[in-house]
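Each chain, letter by letter, is given below.
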Amino acid sequence: QVQLLEVGGGLVQAGASLRLSCTTSDRTSTAYAMGWFRQAPGKEREFVAAISWNSASKSYAGSVQGRFTISRDNAKNTVYLQMNSLNAEDTAVYYCAADGSYSDFKRGGVDYWGKGTLVTVSS
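Residues numbered from 1 in each chain as written. Predicted model: local features only at pLDDT ≥ 70, side-chain atom pairs only at ≥ 80, totals over all residues. Heavy atoms only, no water.

J.: What should I look at first to understand the pairing of strand 1 (residues 4-7) in this one?
T.: For a regular strand, side chains alternate in direction, first toward one face of the sheet and then toward the other. The alternating pattern of strand 1 places Leu-4 and Glu-6 on a buried face, while none of Leu-5 and Val-7, on the opposite face, is buried. Sheet topology note: the strand 1/strand 3 (residues 18-24) ladder contains four bridges and is antiparallel. Its bridge partner being in strand 3, Glu-6 is matched across the sheet by Cys-22. (Buried < 20%, exposed > 50% of the residue type's maximum accessible area, 1.4 Å probe, protein only. Helix = DSSP H or I, 4+ residues; strand = E, 2+ residues; numbered from the N terminus. Pairing = 2+ DSSP bridges.)

Dropping the structure here:
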């Protein structure tokens, strides 16, 4: 199984930056597309960003495009989410995800999930 562990969440002020990291359990996950979802209180889980196995393709939700950057370091089995200009609407539990198909991050049916890390942005 592919196991994912997110770190880097916390409490920050509006306008601040935060970097999330997600480390996979083994090198096999290098072949997987990776991405991030988030779930705010009282709302359904939503897509945030995705990246293909070789970083050739990236995708972002419209609400974060221009502020968030997804990247990965396959040698470290790690995917990152750099979040800039955070605002209160970014407050959510952020989940790392992995799938054999990059398109699944939009189509649905993502196979593997982390347990999440909480990001709280004060107004």
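Still more ground to cover, so stick around.
J.: What exactly am I supposed to notice about the nonpolar core here?
T.: Taken as a class, soluble globular proteins show a tendency for nonpolar side chains to be buried jointly. Of all hydrophobic cores here, the largest spans 35 residues; its most connected members are Met-34, Trp-36, Leu-81, Met-83 and Tyr-94. Counting residues per element, the ones that place at least two in this core are strand 3, strand 4 (33-39), strand 5 (46-51), strand 7 (68-73), strand 8 (78-83), strand 9 (92-99) and strand 11 (117-122). (Core = buried A, V, L, I, M, F, W, Y, C linked by side-chain atoms within 4.5 Å.)

J.: Any chance you could explain the sheet that holds strand 8 here in plain terms?
T.: Sheets are built from strands paired through backbone hydrogen bonds, the pairs being either parallel or antiparallel. The strand order across the open sheet formed by four strands is 1-3-8-7, and the pairing between neighbours is antiparallel. Both outer strands of the open sheet, strand 1 and strand 7, are each paired with one neighbouring strand and no more. Strand-to-strand twist across the sheet, computed as the mean angle between neighbouring axes with direction ignored, equals 15°. (Axes fitted to C-alpha atoms, helices over the stretch in contact; angles between N-to-C directions.)

J.: Looking at this model, I keep getting lost on the side chain of Arg-72. Mind explaining?
T.: Here Arg-72 lies in strand 7. We note that Arg-72 is buried and unpaired, the nearest opposite charge coming from Asp-73 at a distance of 8.3 Å. Of the polar contacts made by the side chain of Arg-72, one reaches the backbone oxygen of Tyr-32; its length is 2.8 Å. A polar contact is formed between the side chain of Arg-72 and the backbone oxygen of Ser-52, at a distance of 3.0 Å. (Lys, Arg positive; Asp, Glu negative; His and termini not counted. Salt bridge = Lys/Arg side-chain N within 4 Å of Asp/Glu carboxyl O. Polar contact = N/O pair within 3.5 Å; in protein donor to acceptor, adjacent residues only side chain to side chain.)

J.: In this structure, what is going on with the state of the cysteines? I would like to understand it.
T.: Between two cysteines, a covalent bond joining their sulfur atoms is known as a disulfide. A full pass over the atoms with the stated rule returns one disulfide. Two residues, Cys-22 and Cys-96, share a disulfide whose sulfurs are 2.1 Å apart. One quick way to see it: the torsion about the S-S bond of Cys-22 and Cys-96 is about -85°, and its sign makes the bridge left-handed. Of this pair, Cys-22 sits in strand 3 while Cys-96 sits in strand 9; the two residues are 74 residues apart in sequence, bridging distant segments of the chain. For the pair Cys-22 and Cys-96, a shared accessibility class is recorded, and that class is buried. (Disulfide = S-S within 2.5 Å.)

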